[in-house]
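Understanding the architecture of this molecule
Each chain, written out:
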Amino acid sequence: MTSSLHGLSSRETYGTLSIGAAMTSPEKHVLIVGVGSIGERHLRCFQRTGRVRLSLCEINPELRRRIADQYGVERAYADLDSALADPPDAAVIATPASLHIPMAIQLAEAGTHVLIEKPLSTGLDGIDELRETVARRKVCVAVAYVLRHHPALRAMREAIRSGRFGRPVQVVVVTGQHFPKYRPAYREIYYRDRAMGGGAIQDALTHTMNAVQWLVGPIDRLIADAAHQVLEGVEVEDTAHLLARHGDVLASYSLNQYQAPNELTITVVGTEGTCRLELHRHRWAWMTEPDTPWQEQTFEGLQRDDLFVAQANAFLDMLDGEAEPTCGLEEAIQTLKANLAALASADDGQWKLTGNK
Ligand SMILES: NC(=O)c1ccc[n+]([C@@H]2O[C@H](COP(=O)([O-])OP(=O)(O)OC[C@H]3O[C@@H](n4cnc5c(N)ncnc54)[C@H](O)[C@@H]3O)[C@@H](O)[C@H]2O)c1
């Protein structure tokens, strides 16, 4: 079975604007903090929603000018303090992960809602203060685990949660991509340093741990094996293997950042059937009887920006009180604890409790 994108509801329209919302709710002022690789994408994709006016904040003067000119952004600030002289309704934090929590606290204190890039942070410092500030200032927080906006993952999750495949008992994640092809500057950015959020576990594995958590619940214990195998010019791990328990579900993950195929598969085996996300083919498939063909649903023509436009619309819907965060603060803290446990386990080879029970 093949579905076109046009079969999705207006709120989940990929690649086109959510026109209804633009007409009913006032335009919001959204600040993009950091307009490097992903910040530029957020800026472009929030612009595509047609629901916001944008400003940006970037410490690199050349980049600040170039992106402001390219996207016609009038207000481009050199630092967050200047940007907060006129507090925006909301902000996207797209700086290295080590800056996410202090920036989120400063923004929340100013009454600004925040969409924080993944991973939430590189440690647990400041988490309690962020929780307290968010509650006191009554601001909304979402964390940008963008896979949750992929229609194939969403469809597979709905089917799992409906009980169609029985009780999930096993998950197998296999993924890899040629990072230098997609991120030639990897040696110069946060990626080179674990303390800034670098390495395969915090940069890439975190996406899949968060996605599986969304399907079957959080990781409560794990053991990891990771190493630097191939990528030139850095010493952080570029290969990671993980065995994990998501409650009663046994999971395994394998990931590298140098293979030619750009692939992600997540297989969930249930007591009544098996389903598999093939992200690189924008499809998910299922089989409930042995020796029968896979059945599948494919979402044709999806572009990477489409997921970010969907994420931007979901965030704006949340600000309009029409939706819960797709990944809220507490869920992102659970993934952060899994990241930290995986790093610690990779270093000493021991099973780790994440504290998520
Ligand atoms: N969701 C995804 O698919 C995805 C992809 C890539 C990166 N990310 C995440 O996004 C974050 C940023 O990654 P990136 O690849 O865009 O990195 P990047 O280095 O390309 O961009 C970060 C930008 O932040 C700016 N910056 C640093 N400190 C600042 C400050 N104090 N004030 C204002 N600007 C500041 C830098 O000058 C830089 O331009 C990381 O947490 C990363 O893990 C997510």
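Cut-offs applied
Residues numbered from 1 in each chain as written. Predicted model: local features only at pLDDT ≥ 70, side-chain atom pairs only at ≥ 80, totals over all residues. Helix = DSSP H or I, 4+ residues; strand = E, 2+ residues; numbered from the N terminus. Expected span 1.5 Å × (residues − 1). Contact = placed C-beta atoms within 7 Å. pLDDT = per-residue confidence, 0-100. Core = buried A, V, L, I, M, F, W, Y, C linked by C-beta atoms within 7 Å. Buried ≥ 20, exposed ≤ 12 C-beta atoms within 10 Å, placed from the backbone. Domains from an automatic or database assignment. Near = placed C-beta within 6 Å. Nonpolar A, V, L, I, M, F, W, Y, C, P; charged D, E, K, R; others polar. Pairing = 2+ DSSP bridges. Axes fitted to C-alpha atoms, helices over the stretch in contact; angles between N-to-C directions.

**Regarding helix α2 (residues 37–49)**
Residues separated by three or four positions in an α-helix point in the same direction, a consequence of the helix having 3.6 residues per turn. With 13 residues, α2 extends 19 Å between its outermost C-alpha atoms, agreeing within 8% with the 18 Å of an ideal straight helix rising 1.5 Å per residue. For α2, the elements touching its buried residues are β2 (28–33), β3 (52–57), α3 (61–71), β5 (90–93) and α10 (304–319). Just beyond α2, the residue with positive phi is G50, at close to 70°.

**Side note on the environment of T95**
Tracing the chain through its elements places T95 in the loop between β5 and α5 (100–109). It is 21 Å that separates the C-alpha atoms of T95 and L343, two residues lying 248 residues apart in sequence. In this structure, T95 is in contact with V33, G34, H100 and M103, ignoring residues within four places of it in sequence.

**Some remarks on the confidence of the model for the protein chain**
With 93% of its residues at a pLDDT of at least 70, the protein chain reaches an overall mean of 93. Low pLDDT, under 50, characterises residues 1–23; the predicted model gives this stretch 46 contacts beyond four residues in sequence or across chains.

**Concerning the nonpolar core**
Membership of the largest hydrophobic core comes to 99 residues, with the highest contact counts inside it found for I32, L56, V114, L205 and A342. When residues of this core are assigned to domains, at least three map to each of domain 1 (8–146) and domain 2 (147–302 + 326–353). If sequence neighbours within four positions are ignored, I32 has contacts with G39, H42, L43, L54, L56, V92 and A94. Of all hydrophobic cores here, the second largest spans six residues; its members include F179, Y186, Y190 and L231.

**So, the site of the ligand**
Neighbouring the ligand are 27 residues, the closest being G34, G36, S37, I38 and E117. In terms of residue class, the shell around the ligand is made up of 15 nonpolar, seven polar and five charged. For the shell around the ligand, the two domains that each supply at least three residues are domain 1 (8–146) and domain 2 (147–302 + 326–353).

**Notes on the domain arrangement of the protein chain**
As assigned here, the protein chain comprises domain 1 (8–146) and domain 2 (147–302 + 326–353). Distance from the C-alpha centre of domain 1 to the C-alpha centre of domain 2: 25 Å. With 20 residues of domain 1 at the interface, the matching set in domain 2 holds 23 residues. For the side of domain 1 that touches domain 2, the elements supplying multiple residues, two or more each, are α6 (127–137) and β7 (141–144). Its residues assigned to classes, the side of domain 1 that touches domain 2 shows 13 nonpolar, four polar and three charged.

**Considerations on the sheet that holds β2**
Taken in spatial order, the six strands of this open sheet run β4-β3-β2-β5-β6-β7, and their pairing is parallel. In this open sheet, the two edge strands, each paired with only one partner strand, are β4 (76–77) and β7. Where β2 meets β5, four bridges bridge the pair, whose relative direction is parallel. Residue L31 lies in a different strand from β5, and its bridge partner there is A91. In this fold α2 packs onto β2, β3, β5 and β6 (113–117), with an angle of close to 165° to the strand it touches most, β3.

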